[in-house]
Amino acid sequence: MTLKILSGIIVLAFLGLSFLAAYSKHKYLEMLLENRYEDAGMSTGVHNAGVYEKYVKVIFDKVLSFCGLVVLLPVYLILCIAVYISDPGPIFFSQKRVGKNKEFFMLHKFRSMKMSTPHDMPTHMLENPEQYITRVGKFLRKTSLDELPQIWDIFVGNMSIIGPRPALWNQEDLVLERDRYGANDVKPGLTGWAQINGRDELGIDVKAKLDGDYVNNISFGFDLKCFFGTITSVLKHEGVVEGGTGKLNKEHKEKTEIQ
């Protein structure tokens, strides 16, 4: 009897989340159609998906993301309260990003920056990104907990657990560079090969090349390598630079001028 009740709850939860996914897509439809790339929806032809990517990876993403949403519910609630207390306003931060075949989707994060922060601007383009980050946000970004809402993006099919990190809709330089390697032909991921090999410390050309390396080697084994590599990187806080490549370039320029 208990098993039947539990099964019923799981089915209802799955159906409820699926309904919310459909509603969310409809809500942002008009925004997602703005400024579309001319070749959006079309593959570059550089990458051909195999059986693992087409079927196995999709099933893993759906099942694991659903389990993650259910199991991490208490964590979500605690973080929601912390984010609001730190800086009253929306708890979640939604932003238009580039998905598979350069189709846009809305990516979700726990809001880690103040309400006064400029929207649709990469962190590395801000003059002094630290001034916009809240106290709770600093902790969330350092531990990557701000990325947890993207488990929802994985569940609805916009992202994968492992893949290239989704670019901002207006990061044309990164998007075009990824085209060279077929990295736009796969779903963006919560984490990926580039994230465990430099993350914010990487230049656009290097990041795109690493994304291409991932695309050329997609497999269950390689995904596991990226997954466990991410855990190690997060625990060691490797590659995290507030301001990303923009800050690194600025520091390099200042050192050059001093010399």
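Everything numeric here is computed off the predicted structure, so don't read it as measured data.

**Re the pattern of salt bridges**
Link 1 in the chain: As enumerated under the stated definition, the model contains 10 salt bridges in all.
Link 2 in the chain: One salt bridge in this structure joins R111 and D87, with 2.7 Å as the shortest N-O distance. In this pair, R111 is assigned in the loop between β2 (104–110) and α5 (135–143) and D87 in the loop between α4 (73–86) and β1 (92–98), connecting sequence segments 24 residues apart.
Link 3 in the chain: What makes D87 buried here is its relative accessible area of 18%.
Link 4 in the chain: What emerges from the salt-bridge pattern is a single network uniting D39, K102 and D179.

**Points about helix α9 (residues 220–236)**
Link 1 in the chain: Spanning 17 residues, α9 covers 25 Å between terminal C-alpha atoms, matching the ideal 24 Å at 1.5 Å per step.
Link 2 in the chain: Those residues of α9 that fall on the buried side of the exposure criterion are F222, D223, C226, G229, T230 and S233. Buried positions in α9, seen along its axis, are confined to an arc of 130 degrees and lie on one side of it.
Link 3 in the chain: Its buried side turned inward, α9 meets α3 (51–71), β3 (160–162), β4 (189–191) and α8 (204–216).

**Examining the pairing of β2**
Link 1 in the chain: Where burial is concerned, most of β2 is hidden: seven out of the seven residues are buried.
Link 2 in the chain: Across the two faces of β2 the burial is the same, with F104, M106, H108 and F110 and F105, L107 and K109 all buried.
Link 3 in the chain: Summarising the sheet, β1 and β2 pair through seven bridges and their orientation is antiparallel. Bridge assignment links R97 to a residue of β2, and that residue is F105.

**Focus on the packing of α4 against α5**
Link 1 in the chain: For the pair α4 and α5, interaxial distance at closest approach is 8 Å and the crossing angle is 140 degrees. Put simply, α4 runs oblique to α5. Within the contact between the two elements, α4 uses L79, A82, V83 and S86 and α5 uses R135, V136 and L140.

**So, the pairing of β1**
Link 1 in the chain: Within β1, five of the seven residues are buried, which leaves it mostly tucked inside the rest of the structure.
Link 2 in the chain: Counted along the chain from β1 to the antiparallel partner β2, the turn is five residues long, and its residue N101 has a positive phi close to 55 degrees.

**Observations regarding the confidence of the model for the chain**
Link 1 in the chain: Chain-level statistics for the chain give a pLDDT mean of 84 and a share of 78% at 70 or above.
Link 2 in the chain: Within the chain, the element-level pLDDT minimum falls on helix α10 (residues 244–258), averaging 44, and the maximum on β3, averaging 97.
Link 3 in the chain: Note on residues 245–259: pLDDT is under 50 here. Beyond four places in sequence and across chains, it has 13 contacts.

**Quick notes on unusual backbone geometry**
If a residue is not glycine, its phi is most likely negative; likewise, a peptide bond is most likely trans.
Link 1 in the chain: You will see that N35, though not glycine, has its phi angle at about 55 degrees, which is positive.
Link 2 in the chain: Secondary-structure assignment places N35 in the loop between α2 (29–33) and α3.
Link 3 in the chain: We classify N35 as exposed; its relative accessible area is 52%.
Link 4 in the chain: With phi around 60 degrees, K102 is a residue other than glycine that occupies positive phi space.
Link 5 in the chain: The residue K102 is located in the loop between β1 and β2 in this model.
Link 6 in the chain: Owing to a relative accessible area of 4%, K102 belongs among the buried residues under this scheme.

**Some remarks on the side chain of R111**
Link 1 in the chain: Using a relative accessible area of 7% as the deciding quantity, one classes R111 as buried.
Link 2 in the chain: Among the polar contacts listed, one links the side chain of R111 to the backbone oxygen of M113, at a separation of 3.0 Å.
Link 3 in the chain: If we ignore the near neighbours within four places in the chain, the residues touching R111 are V83, D87, P88, G89, P90, I91, F92, F93 and L140.

**With respect to the packing of helix α7 (residues 172–179) against α8**
Link 1 in the chain: With their axes 9 Å apart at the nearest point, α7 and α8 run at an angle of 40 degrees to one another. Considered as vectors, α7 and α8 are oriented oblique to each other. For α7 against α8, the interelement crossing comes out right-handed. For the pair α7 and α8, the contacting residues are D173, L174, E177 and R178 in the first and I204, D205, K207, A208 and D211 in the second.
Link 2 in the chain: In the contact of α7 with α8, the residues fall into three nonpolar, no polar and six charged.

Conventions used here
- Residues numbered from 1 in each chain as written.
- Predicted model: local features only at pLDDT ≥ 70, side-chain atom pairs only at ≥ 80, totals over all residues.
- Heavy atoms only, no water.
- Salt bridge = Lys/Arg side-chain N within 4 Å of Asp/Glu carboxyl O.
- Helix = DSSP H or I, 4+ residues; strand = E, 2+ residues; numbered from the N terminus.
- Buried < 20%, exposed > 50% of the residue type's maximum accessible area, 1.4 Å probe, protein only.
- Expected span 1.5 Å × (residues − 1).
- Arc of directions from axis to C-beta.
- Contact = heavy atoms within 4.5 Å.
- Pairing = 2+ DSSP bridges.
- Axes fitted to C-alpha atoms, helices over the stretch in contact; angles between N-to-C directions.
- Parallel < 35°, antiparallel > 145°, perpendicular 65-115°, else oblique.
- pLDDT = per-residue confidence, 0-100.
- Polar contact = N/O pair within 3.5 Å; in protein donor to acceptor, adjacent residues only side chain to side chain.
- Left-handed = near helix turned anticlockwise from the far one by under 90°.
- Nonpolar A, V, L, I, M, F, W, Y, C, P; charged D, E, K, R; others polar.

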